[in-house]
Amino acid sequence: MNKFKTKNVMSVLPKTPTGIQGLDELTEGGLPKGRPTLICGGPGCGKTLMSLEFLVRGATEFDEPGVFMAFEETPEELSQNVKSLGFDLDELVKQKKLYLTHVKVERAEIEETGEYDLEGLFIRLGHAIDSIGAKRVVLDTVEALFAGLDNTAVLRAELRRLFHWLKEKGVTAIITGERGEGQLTRQGLEEYVSDCVILLDHRVIDQITTRRLRVVKYRGSTHGTNEYPYLIDRDGISVLPITSLKLDHDVSSERISSGIDRLDAMLGGKGYYKGSTVLASGTAGTGKTSIASHFANATCGRGERALYFAFEESPKQIIRNMKSIDVNLEQWEKKGLLQFHAARPTLQGLEMHLVQMHKAVNEFKPDVVIIDPITNLIATGTTMDVKAMLLRMIDFLKMKQITALFTALMHGNSADESTNEAISSLVDTWLLVRDIEFNGERNRAIHILKSRGMAHSNQVREFLVTTEGVNLIDVYTGTEGMLTGSARIAQELKNKNLAFEKQQQFAIKKRELERKRRAVEIKIDTLQAEIENEEQEMIYAMAQEKTAGENSTYDKKLMAMGRKADVSMDDVMQGENSEKRKSNKK
């Protein structure tokens, strides 16, 4: 059913793209093809410029020649006025892609004749259209055309004739009109006979100008109905047609470094999610810009692009200051990987800042965007206005998978840990840097309030800004609370001395134990030797006793042998002595 409706609308109401950034998205394809569109607004809102850009874009991008019929400015004046925007009307005229003509309407001439019709205009305009085969036509402005006509009935009839004639010619036409009192145009009729009406508004609020665009009506087509900011700069007109994007953007599981090793460790060891939004908030002087600069430095170090919007310091000042902490941003700016956009927030309204940011992102195509700080935007609008503007920016960056880091100033160590811009609920990772005053010193501490989708540390780290960059170290937590700075150093020294004393005591006890061990071993050796001596004595005694026993048995055996031979012992002894004497004589 939806497909049928889409095809039906496209077949019934074809559209002509304007080529103006954002306007085609807002009107869902462009202006109604072959029908008149009214662009109305007060002086200085850009009616003529938008009409001319419609013709120039058509001639250069869509090969559709156009006719511009002016009733106030000459072709020479128009050509000179738009050269600053890069539009070369004279060249397009030479190529017969553009036809400029000026029609001078005098009120006195109309009053003298007493009659008024547009036949002469139709002939002149028809010739211009046919001479270059124009597909687009602009009439600027309709008030000048009907300035001398007071009869409302005739005016309405002639307007209808003009619009009907343009439709018959099959051209997509723009008619510009000046804003009336209590109505869109001075006559109050043009908006009723036009198929599409676009209202341009140039307003001043608190001495800050803002340009807004609204599509009042668009017959036969859906369109954006809110007010949208638009910017006029050197590239023409840019419209920001997005009030709030749908929450259907893609997400990435890729992680990128914050540029601070210990902070990455607190974020699960991997850093931020790519395409996420990070908020670093804290009181003045806590190092928020240092965090942002480390992130930009790490991004460019990977060969990626970083876009830095500064609202407090100039780029040269930021580069100089960051050199003191060993962060060289100048090298990346020279290589084209880092681009600064610095301006005071009061230079223009919030919506204009937003449009310029969108434009800068689309042109530079960064991987990381830094806004430092968002707090200064409060000077150009209310808290709700700033939140709405930042919400659009966050959605826009998420849609493009660009990682964003915002810094925000907090006034005092707020107990509720909220920011003045009330965007803490919109960000994915929130870093809070605090001042800690203790023992006559002012030190910094950082902790992660939240980081969606990842495990992160709940510990507080002391935040040191040194000549070698930002460093995070563990704070000391004891009976006296959390200690930082010199108090932490003194406590660490005290702990070191206590540890050394314990180590010495341990060494003394170890030596005493070793001495006792050696004494016991010596005593054991002595006892062992005594036991061995006693064992040897016992063995010796047993051996002697055995020997004595054996000798006694031998004697007994000899005596028994003597009795058996019936020989006395004296005989035996005499026989032995006789034998000895014989041997000696020999």
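Above this text sits the structure in question.
Throughout this document, residue positions are counted from 1 along each chain, in the order its sequence is written. Reporting of local features is limited, given that this is a predicted model, to residues whose pLDDT is at least 70; pairs of side-chain atoms are given and counted only at 80 or more, and all residues count toward the totals for whole chains, interfaces and linings. The basis for the side-chain values is all heavy atoms of the structure; hydrogens and waters are excluded.

It is not clear to me how the pattern of salt bridges should be interpreted in this structure. Could you clarify?
Should the charged atoms of two oppositely charged side chains come close, the side chains can pair. Any carboxyl oxygen of Asp or Glu that lies within 4 Å of a side-chain nitrogen of Lys or Arg is treated as forming a salt bridge with it. As enumerated under the stated definition, the model contains 20 salt bridges in all. Residues Arg 203 and Asp 201 are paired through a salt bridge, measuring 2.7 Å at the closest nitrogen-oxygen approach. With a shortest N-O distance of 2.9 Å, Asp 435 and Arg 442 are connected by a salt bridge. A simple rule labels every residue: compare its accessible area, found with a 1.4 Å probe on the protein chains alone, to the largest value its type can have, and call it buried under 20%, exposed over 50%, or partly exposed in between. Looking at Arg 442, the relative accessible area reads 44%, which means it is partly exposed. One salt-bridge network, in which partners are shared between bridges, spans Arg 35, Lys 167, Asp 195 and Arg 219.

Before we go on, may I ask you to explain unusual backbone geometry in this structure?
Backbone phi values are negative for most residues with the exception of glycine, while trans is the configuration of most peptide bonds. Of note, the bond from Asp 140 into Thr 141 is cis; its omega dihedral lies within 30 degrees of zero at -5°. Within the fold, Thr 141 resides in the loop between strand E6 (136-140) and helix H8 (142-145). Residue Asp 372 is joined to Pro 373 through a cis peptide bond whose omega torsion reads -10°. Relative to the elements of secondary structure, Pro 373 occurs in the loop between strand E17 (368-372) and helix H16 (383-399). Its identity as a non-glycine residue notwithstanding, Glu 28 has a phi of 60°, on the positive side. Within the fold, Glu 28 resides in the loop between helix H2 (23-26) and strand E2 (31-32). Overall, the relative accessible area of 49% leaves Glu 28 in the partly exposed class. By definition, any uninterrupted DSSP run of H or I lasting at least four residues is a helix, any uninterrupted run of E lasting at least two residues is a strand, and each is numbered from the N terminus.

What exactly am I supposed to notice about the packing of helix H15 (residues 350-364) against H16 here?
When two helices pack together, their arrangement is given by the angle between the helix axes and by the axis-to-axis distance. Where H15 contacts H16, the axes come no closer than 10 Å and their chain directions differ by 15°. Looking at the two axes, H15 sits roughly parallel to H16. Helix-helix and strand crossings are classified by hand; for H15 and H16 the assignment is right-handed. Each of Leu 350, Glu 351, His 353, Leu 354, Met 357, His 358, Val 361 and Asn 362 in H15 lies in contact with H16, whose residues at this interface are Asp 385, Val 386, Met 389, Arg 392, Met 393, Phe 396 and Leu 397. Classifying every residue of the contact of H15 with H16 by side-chain character gives 9 nonpolar, 3 polar and 3 charged. Axes, fitted as lines to C-alpha atoms, cover a helix only where it is in contact. Angles between the N-to-C directions of the axes lie from 0 to 180 degrees. For classification, angles of less than 35 degrees are called roughly parallel, those exceeding 145 degrees roughly antiparallel, those between 65 and 115 degrees roughly perpendicular, and all remaining angles oblique. Left-handed describes a crossing whose near helix is turned anticlockwise from the far helix by less than a right angle; the clockwise case is right-handed. Any two residues having at least one pair of non-hydrogen atoms within 4.5 Å are treated as being in contact. Side-chain classes follow a simple rule in which Ala, Val, Leu, Ile, Met, Phe, Trp, Tyr, Cys and Pro form the nonpolar group, Asp, Glu, Lys and Arg form the charged group, and the remainder, Gly included, forms the polar group.

Help me understand the packing of aromatic side chains, please; the structure alone is not making it clear to me.
Two descriptors summarise a pair of aromatic rings, namely the distance from one centre to the other and the angle between the planes of the rings. Aromatic rings from Phe, Tyr and Trp, with only the six-membered ring used for Trp, were paired whenever their centres fell within 6.5 Å, and each pair was classed as stacked if the ring planes differed by under 30 degrees, edge-to-face if by over 60, and tilted otherwise. Evaluated as defined, the whole model comprises 3 aromatic pairs. Taken together, a centroid distance of 5.1 Å and an interplanar angle of 5° make the contact between Phe 122 and Trp 165 stacked. Of the two residues, Phe 122 sits in helix H7 (residues 119-132) while Trp 165 sits in helix H9 (residues 152-169), which places them 43 residues apart along the sequence. Each member of the pair, Phe 122 as well as Trp 165, carries the same accessibility label: buried. Two limits define a charge over a ring: the Lys NZ or Arg CZ must be within 6 Å of the ring centre, and within 35 degrees of the ring normal. Above the face of the Tyr 218 ring, Lys 15 is positioned so that its terminal group lies 4.7 Å from the ring centre. The side chain of Arg 136 reaches across the aromatic face of Phe 54, ending 4.5 Å from its centre.

Please explain H7 as it appears in this structure.
Two residues of an α-helix separated by three or four positions point the same way, owing to the 3.6 residues in each turn. To estimate the expected span of a helix, subtract one from its residue number and multiply by 1.5 Å. With 14 residues, H7 extends 21 Å between its outermost C-alpha atoms, agreeing within 8% with the 20 Å of an ideal straight helix rising 1.5 Å per residue. Those residues of H7 that fall on the buried side of the exposure criterion are Leu 121, Phe 122, Leu 125, Gly 126, Ala 128, Ile 129 and Ile 132. Buried residues along H7 cover an arc of 160° about the axis, so they all sit on one side. Counted as exposed and oriented over 90 degrees from the buried face of H7: Ile 123, His 127 and Asp 130. A positive phi of about 65° marks Gly 133, the residue just after H7. What the arc covers is the set of directions going from the helix axis to the C-beta atoms.

I tried to follow the environment of His 249 on my own but got confused; where do I start?
Structurally, His 249 can be placed in the loop between strand E11 (236-239) and strand E12 (255-256). When neighbours within four sequence positions are excluded, His 249 is seen to be in contact with Lys 398 and Met 399.

Explain the sheet that holds E17 to me, please; I cannot follow it from the model alone.
Think of a sheet as strands paired side by side through backbone hydrogen bonds, with each pair either parallel or antiparallel. Strands were regarded as paired on the criterion that DSSP finds at least two bridges between them. Taken in spatial order, the 9 strands of this open sheet run E16-E15-E17-E18-E14-E19-E20-E21-E22, and their pairing is mixed. Of all the strands in the sheet, just strand E16 (338-342) and strand E22 (469-474) have a single pairing partner and so form its edges. Averaged over all pairs of adjacent strands, the angle between their axes in this sheet comes to 25°, without regard to strand direction. Looking at chain direction, strand E19 (residues 429-438) and strand E20 (residues 441-451) are connected through 10 bridges and run antiparallel. Residue pairing across strands places Val 433 opposite Ile 446, the latter belonging to E20. Strand contacts of helix H13 (residues 315-323): strand E15 (306-310) and E16, with the helix running at about 125° to E16, the strand carrying the most contacts.

Looking at this structure, how should I read the nonpolar core?
A general feature of soluble globular proteins is that nonpolar side chains tend to end up buried together. Tyr 272, Leu 329 and Leu 338 are the most contacted members of the largest nonpolar core, which has 36 residues in total. In terms of residue count, helix H12 (residues 288-301) provides more of this core than any other element does, 5 residues in total. Excluding residues within four positions of it along the chain, Tyr 272 makes contact with Glu 254, Arg 255, Ile 256, Ser 258, Leu 263, Leu 267, Val 278, Phe 295, Leu 405, Thr 429, Leu 431 and Met 454. We define a nonpolar core as any set of buried Ala, Val, Leu, Ile, Met, Phe, Trp, Tyr and Cys residues linked to one another through side-chain atoms lying within 4.5 Å. By size, the runner-up hydrophobic cluster in this structure holds 35 residues, among which are Leu 13, Ala 70, Leu 100 and Ile 174.

How should I be thinking about the side chain of Asp 372 in this particular structure?
When you line up the elements, Asp 372 lands in strand E17. Positive charges come from Lys and Arg alone, negative charges from Asp and Glu alone, with His and the N- and C-terminal ends not counted. It is Lys 288 that comes nearest to the buried, bridge-free Asp 372 among opposite-charge side chains, at 6.8 Å. A distance of 2.9 Å separates polar atoms of two side chains, one belonging to Asp 372 and the other to Tyr 308. Here a polar contact means two N or O atoms within 3.5 Å. Within protein one must be a hydrogen donor candidate and the other an acceptor candidate, and residues neighboring in sequence count only if both atoms are side-chain atoms. Polar side-chain contacts of Asp 372 include one of 2.5 Å to the side chain of Thr 407.

In this structure, what is going on with the state of the cysteines? I would like to understand it.
As used here, a disulfide is simply a covalent bond connecting the sulfur atoms of two cysteines. Only a pair of cysteine sulfur atoms within 2.5 Å counts as a disulfide in this structure description. Enumeration over the complete set of coordinates arrives at 0 disulfides. Just so you know, Cys 40 is unpaired, no disulfide at all, and the nearest cysteine sulfur is the one on Cys 45, 8.3 Å from it. Its relative accessible area of 0% is what places Cys 40 among the buried residues. Accessibility expressed as a relative area gives 1% for Cys 45, which makes it buried.

All we've got here are geometric facts, nothing functional implied.
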